[in-house]
Amino acid sequence: MVQKADKIWFDGKLVPWDEAQVHVLTHTLHYGVGVFEGIRCYVCSDGSSAVFRLQEHVERLFLSAKINEMVIPFTQQQIFDAIIDTLKANRQPEGYVRPLCFIGAGAMGVFPGDNPIQTIIATWPWGAYLGAEALEKGIRIKTSTFTRHHVNVMMTKAKTCGNYVNSVLAKREALADGYHEALMLDAEGYVSEATGENIFMVRNGVVKTPPLGSILAGITRETLMILAEDLGYTVVEDRFTRDELYCADEAFFTGTAAEVTPIREIDRRTIGQGSRGPVTAALQDAYFKLLRGDNPKYGKWLARYTI
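Predicted model only: the values in this text are computed from it and were never measured.

J.: Could you clarify how one ought to interpret the side chain of E193 in this entry?
T.: Note on placement: E193 falls in strand 10 (residues 191–194). Overall, E193 belongs to the buried group, its relative accessible area being 5%. Side chain to side chain, E193 and R148 meet in a polar contact 3.0 Å long. Ignoring anything within four residues of it in the chain, the contact list for E193 reads R148, A182, L183, M184, N198, I199, S214, I215 and L216.

Right, dumping it as structure tokens:
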């Protein structure tokens, strides 16, 4: 359950959590055309707090809206500032941030007409998405029977609410079958991503991840690619099949929620030694140092604030 906070930012105002409500005929509720972001903030080593890559997340929110022909009635700077204001109002030094832009009530039917574009920002405490133990021991995943969106079926570069129906179906299936997460293949049968995470594999010291095609251009994905190169690893963006993935020395998921989560088993095949591998461990360490403000090279990625 989401832990309730004091306030939610709603169309320019901070309102009590329980008063952030919409009408049941809200267009996005019926047709799924809305856009959102998932953002994390962390307590840094110096005691301050910082939102990780906030500017990039806000930019992607607006690009998602553009792709969906939604005009957000606020500037990027206003949304950036509102996120910080909401965290301060909720006295949250660490946690998760969910901005959401959606089409409000008015016209019904597929065409939304002049329905208003509304925006909310909610924040709440949130630990490891796949469980704290998963960050060390890794998780078990299965290849889903559901295919990831083709690039001409859905707009795969937008974080669109309706895109995630595909994810919900795949996640439910994986959990019902006793796994932690689902691996999605693209329409041609190549490895794509998970229900809410990008995927990497390691083979002979080379770090490999699917190219931007059917996958979301993950901000955490990009961060890990940069950190891997900083650590001296060769990083390759290339298609690979699930049987190639079975033969990986290591594999891991990345995402704002999942952070860097090792994969220990895929479709009943053990990956590597069946535990977090050395490359994954090194990248985890580098990532969390960055989030805690211990890598000054990327200090620009931390939007700091104090409660």
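J.: Even after reading the chapter, I still don't get the packing of helix 2 (residues 54–67) against helix 3 (residues 76–89), so can you show me in this structure?
T.: Any two packed helices are characterised by how steeply their axes cross, that is the angle between the axes, and by the distance between the axes. Orientation of helix 2 relative to helix 3, taken along the N-to-C sense of each, is 130°, at an axis distance of 10 Å. With respect to helix 3, the axis of helix 2 lies oblique. Judged by the sense of rotation from one axis to the other, the crossing of helix 2 with helix 3 is right-handed. On helix 3, the residues that touch L54, Q55, V58, E59, L61 and F62 of helix 2 are Q76, I79, F80, I83 and I84. Class assignment for the residues of the contact of helix 2 with helix 3 results in eight nonpolar, two polar and one charged.

J.: When you look at unusual backbone geometry in this model, what are you seeing that I'm missing?
T.: For residues other than glycine, phi is negative in most cases, and the peptide bonds are mostly trans. A positive phi angle is found at R53, which is not glycine, with a value near 50°. Residue classification places R53 among the buried residues on the basis of a relative accessible area of 4%. One non-glycine residue, R91, lies in positive phi territory at about 50°. Structurally, the position occupied by R91 is in the loop between helix 3 and strand 6 (95–103). With a relative accessible area of 53%, R91 lands in the exposed category.

J.: Can you walk me through the pattern of salt bridges in this structure?
T.: Applying the stated criterion to the full structure yields 21 salt bridges. Across the pair R239 and E188 runs a salt bridge whose closest N-O atoms are separated by 2.6 Å. Of this pair, R239 sits in the loop between strand 13 (234–237) and helix 7 (242–246) while E188 sits in the loop between strand 9 (181–185) and strand 10, placing them 51 residues apart in sequence. Accessibility expressed as a relative area gives 35% for R239, which makes it partly exposed. Residue R203 is joined to D249 by a salt bridge in which the shortest nitrogen-to-oxygen separation is 3.6 Å. In this pair, R203 sits in strand 11 (residues 198–203) while D249 sits in the loop between helix 7 and strand 14 (250–255), placing the two residues 46 residues apart along the sequence. Since its relative accessible area comes to 40%, R203 is described here as partly exposed. Connected through salt bridges with shared partners, the residues R53, E56 and E222 form a single ionic network.

J.: Is there a simple way to explain the packing of aromatic side chains in this structure?
T.: The relative placement of two aromatic rings is captured by the distance of their centres and the angle of their planes. All told, the structure shown has ten aromatic pairs when counted by the stated rule. A ring pair is formed by Y96 and W126, whose centres lie 4.5 Å apart and whose planes are at 90°; its orientation type is edge-to-face. Pair noted here: Y96 is in strand 6 and W126 is in the loop between strand 7 (117–124) and helix 4 (134–137), with a separation of 30 residues, a long-range link. Measuring from centroid to centroid gives 4.6 Å for Y298 and W301, while their planes differ by 15°, and the two rings are stacked. Judged by its relative accessible area of 7%, Y298 falls in the buried class. In this structure, R53 packs its charged tip against the face of W301, placed 4.0 Å from the ring centre.

J.: Can you walk me through the domain arrangement of the chain in this structure?
T.: It is common to give the size of an interface as the accessible area lost on bringing the parts into contact. Segmentation of the chain into domains returns domain 1 (7–124) and domain 2 (133–292). Placing the centre of domain 1 and that of domain 2 at their C-alpha centroids yields a distance of 26 Å. Taken together, the contacts link 23 residues of domain 1 with 21 residues of domain 2. With both sides pooled, the region where domain 1 packs onto domain 2 buries about 1900 Å², and carbon together with sulfur makes up 59% of that total. Looking at the side of domain 1 facing domain 2, the largest losses of area belong to Y42, F52 and R60, adding up to 31% of the total buried there. Across the pair R53 and E222 runs a salt bridge whose closest N-O atoms are separated by 2.8 Å.

J.: What should I look at first to understand the environment of H23 in this one?
T.: Looking at where H23 falls in the secondary structure, it is placed in the loop between strand 2 (13–16) and helix 1 (27–31). With a relative accessible area of 48%, H23 lands in the partly exposed category. A distance of 2.9 Å separates the side chain of H23 from the backbone nitrogen of L25, its partner in a polar contact.

J.: Please explain the packing of helix 6 (residues 219–230) against helix 8 (residues 278–291) as it appears in this structure.
T.: Interhelical geometry of helix 6 versus helix 8 gives an angle of 110° and a closest axis separation of 10 Å. In terms of orientation, helix 6 and helix 8 fall into the roughly perpendicular class. Along this stretch, helix 6 crosses helix 8, giving a crossing that reads as right-handed. Along the contact surface, helix 6 presents T220, T223, L224, L227 and A228, while helix 8 presents L283, A286, Y287 and L290. Considered class by class, the residues forming the contact of helix 6 with helix 8 number seven nonpolar, two polar and no charged.

What counts and what doesn't
- Residues numbered from 1 in each chain as written.
- Predicted model: local features only at pLDDT ≥ 70, side-chain atom pairs only at ≥ 80, totals over all residues.
- Heavy atoms only, no water.
- Helix = DSSP H or I, 4+ residues; strand = E, 2+ residues; numbered from the N terminus.
- Buried < 20%, exposed > 50% of the residue type's maximum accessible area, 1.4 Å probe, protein only.
- Polar contact = N/O pair within 3.5 Å; in protein donor to acceptor, adjacent residues only side chain to side chain.
- Contact = heavy atoms within 4.5 Å.
- Axes fitted to C-alpha atoms, helices over the stretch in contact; angles between N-to-C directions.
- Parallel < 35°, antiparallel > 145°, perpendicular 65-115°, else oblique.
- Left-handed = near helix turned anticlockwise from the far one by under 90°.
- Nonpolar A, V, L, I, M, F, W, Y, C, P; charged D, E, K, R; others polar.
- Salt bridge = Lys/Arg side-chain N within 4 Å of Asp/Glu carboxyl O.
- Phe/Tyr/Trp six-rings, centres within 6.5 Å; stacked < 30°, edge-to-face > 60°.
- Lys NZ or Arg CZ within 6 Å of the ring centre and 35° of its normal.
- Domains from an automatic or database assignment.
- Buried area = accessible area lost by both parts, 1.4 Å probe.

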